[in-house]
Amino acid sequence: MRREAGMAEADFSTKHEQLIAYMEKLEVGARVSVRKIAQAMDVSEGTAYRAIKDAEARGIVSTKLRTGTVRVDSSKREKIDRLTFGEIVAIVDGQVLGGEAGLGKPLSKFVIGAMQLEAMMGYIEPDNLLIVGNREKAHLSALSLGAGVLVTGGFGATPEAVALADRLELPILSSAYDTFTVAALINRAIYDRLIKKQIVLVADIMNADEPVASLPEEATVADAMAVIEQTNHNRFPVVDRERRPVGMVTTKDLIGASPAEPIAERMTPQPKTCTPQTSVATAGHRMVAESIELLPVVDAEGRLSGVISRKDVLQAMQQIQHQPQNGETLEDQIRRRFVSGQEADGRLYYEGPAEALFSSPMGHLSEGVLAGLVHHAAARALRDHRRGNLIADSQSVYYLAPVEIDQTLRLYPELIELSRKFCKIEIQVYADGRKVAQSMLTARLMEP
């Protein structure tokens, strides 16, 4: 039974890699769906779903507003805020009329064609995208200036424009949406990319130039001790002949072992891993949740390409908190509106408005927003005690009364219990002086 289970796991791993390879070969902008992948590769929809999620974590595909999951160009993270013409097709649910050879080109700016032709041409430069309706002369002029064209309203293009687009390898696209909707969709995509660009990945903190110290699974305890003396490290990934991590071993695991004992009998099998495209925050959460000090980093084939330590993660997260924001998430907008203060008795509080942006369909402050504010107040209170980032284990919120829009919220966090690795914080929430909610949050601390 054990052997059969191992064979099934190997078959799944192989099929999973085949699915990832299949998605990597798709053209940029191609749509990806669970059903389509399952049918194309003859696998279950559950297997296809897991592969798509893994591909999204690796930056191979991305889920976009209104269009679903599409293949994206993950080769250059430094250009994440620049869309390609092929990605525009997916974003606006469009079709390619001509210039298909140029779909992989990035565009630097888009121009709304809502003016006279002569004035419009003064704004158009090479690598731009002109968004315009059924204006044939504008199509030809923009292509002549080195810009692509997106025709809105479901209109097409003349054979002359299509031929020019093919010859210049500049895409001419069409979308059924109106100009305003198209511009809003593209703006949203760029804004999302600015936010994603701020997210620090494991690849950003991993030292790819330094060789990774590891142990082969056939090594002995004596071999491990020799590597420990040579590198002065105390934790190592154990790899198979394909350099795929199969275990982790520490100096504590070797206490009392004979020199000839196989390292495989002392290691912790099935180690947790991450990829270069995993966010640092996710890697940190995994390390704290599993009490891991060293996390192997694997490439697309599952082979060891590096390691990150808890210290690396902590330093990166501290730097993130001091970096300027290029694109604000909803949580950023909420937190920015709340400021800290102190009562006469020294009690700490955080205060801000219940704005219409944060309302529920019933016209009150959204319960989700309030829960987020509670978590933020707890994290701020913890940082005031010069402690690290928290990873919430549980959070209970008791809603005593609805919060009306435009009321002033005041949150009072109180540390009930605080140790080196654990904290418990109570938060009381008032709206215009009336108690409206109370919460208890328990969390683990991410500290060196």
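- As recorded in an unreviewed UniProt entry, the protein chain goes by the name Cytosolic protein containing multiple CBS domain, listed as coming from Paenibacillus pasadenensis.

Details of the overall build of the protein chain
- Of regular secondary structure, the protein chain possesses 14 helices and 20 strands.
- For the protein chain, with 448 residues in total, the buried portion stands at 43%.
- Restricting to contacts in the protein chain with at least 6 residues of sequence separation, those with at least 24 account for 55%.
- Per element, the accessible surface of the protein chain, about 23,700 Å² overall, is 50% carbon and sulfur.

With respect to the nonpolar core
- Among the nonpolar cores identified, the biggest contains 30 residues, and Leu-365, Leu-409, Leu-411, Ile-427 and Val-429 are the most heavily contacted of them.
- Of all the secondary structure elements, the ones that give two or more residues to this core are α14 (367-384), β17 (389-399), β18 (408-418), β19 (422-431) and β20 (434-446).
- For this core, the element with the most residues is α14, which contributes eight residues.
- If sequence neighbours within four positions are ignored, Ile-427 has contacts with Val-374, Ala-378, Leu-411, Tyr-412, Pro-413, Ala-437, Gln-438, Ser-439 and Leu-441.

Points about helix α10 (residues 221-231)
- Listed as buried for α10 are Val-221, Ala-224, Val-227 and Ile-228. One side of α10 holds all its buried residues, which, seen down the axis, span an arc of 120°. In α10, those exposed residues whose orientation departs by more than 90 degrees from the buried face are Glu-229 and Gln-230.
- Downstream of α10 by a residue or two, Asn-232 has a phi angle that is positive, lying close to 65°.

Describing the pairing of β20
- When β17 meets β20, the two strands line up antiparallel, connected through 10 bridges. Note on β20: the bridge partner recorded for Ile-391 is Arg-444.

Points about the packing of aromatic side chains
- Applying the stated criterion across every chain, the model contains two aromatic pairs.
- Seen in terms of ring centroids, Tyr-412 and Tyr-430 are 5.7 Å apart; in terms of plane orientation they differ by 90°. Their pairing is edge-to-face. One end of the pair, Tyr-412, is in strand β18; the other, Tyr-430, is in strand β19, with 18 residues separating them in the sequence.
- For Tyr-412, a relative accessible area of 8% corresponds to the buried category.
- An aromatic cluster of three or more residues is present, and its members are Tyr-349, Tyr-412 and Tyr-430.
- The ring of Tyr-412 has Arg-347 lying over it, and the distance from NZ or CZ to the ring centre is 4.0 Å.
- Arg-410 extends its terminal NZ or CZ atom over the ring of Tyr-349, reaching a point 3.7 Å from the ring centre.

Let's talk about the pairing of β18
- As paired strands, strand β16 (residues 348-353) and β18 are joined by four bridges and run antiparallel to one another. Bridge pairing in β18 links Pro-353 to Thr-408.
- Between the end of β18 and the start of β19, which pair antiparallel, lie three residues.

Notes on unusual backbone geometry
- Despite not being glycine, Asp-93 shows a phi value in the positive range, around 55°.
- Inspection of the secondary structure puts Asp-93 in the loop between α4 (85-91) and β4 (95-98).
- Of the residues examined, Asp-93 reaches a relative accessible area of 40% and is grouped as partly exposed.
- Even without being glycine, Asp-127 reaches a positive phi, approximately 70°.
- When you line up the elements, Asp-127 lands in the loop between α5 (117-121) and β6 (128-132).
- The class of Asp-127 is partly exposed, set by a relative accessible area of 34%.

Side note on the pattern of salt bridges
- Across all of its chains, the model carries 10 salt bridges by this definition.
- Between Glu-17 and Arg-244 there is a salt bridge, and its shortest N-O distance comes to 2.9 Å. Taken as a pair, Glu-17 in helix α1 (residues 2-24) and Arg-244 in the loop between β10 (235-239) and β11 (245-250) lie far apart in primary sequence, 227 residues in all.
- Residue classification places Glu-17 among the partly exposed residues on the basis of a relative accessible area of 28%.
- When the shortest N-O distance is used, the salt bridge between Arg-410 and Glu-351 registers 2.6 Å. In this pair, Arg-410 sits in strand β18 while Glu-351 sits in strand β16, placing the two residues 59 residues apart along the sequence.
- Taken together, the shared-partner salt bridges in this structure form one network comprising Glu-343, Glu-351 and Arg-410.

Definitions and cut-offs
Residues numbered from 1 in each chain as written. Predicted model: local features only at pLDDT ≥ 70, side-chain atom pairs only at ≥ 80, totals over all residues. Heavy atoms only, no water. Helix = DSSP H or I, 4+ residues; strand = E, 2+ residues; numbered from the N terminus. Buried < 20%, exposed > 50% of the residue type's maximum accessible area, 1.4 Å probe, protein only. Contact = heavy atoms within 4.5 Å. Areas by Shrake-Rupley, 256 points an atom, 1.4 Å probe, with all protein chains shown as cover. Core = buried A, V, L, I, M, F, W, Y, C linked by side-chain atoms within 4.5 Å. Arc of directions from axis to C-beta. Pairing = 2+ DSSP bridges. Phe/Tyr/Trp six-rings, centres within 6.5 Å; stacked < 30°, edge-to-face > 60°. Lys NZ or Arg CZ within 6 Å of the ring centre and 35° of its normal. Salt bridge = Lys/Arg side-chain N within 4 Å of Asp/Glu carboxyl O.

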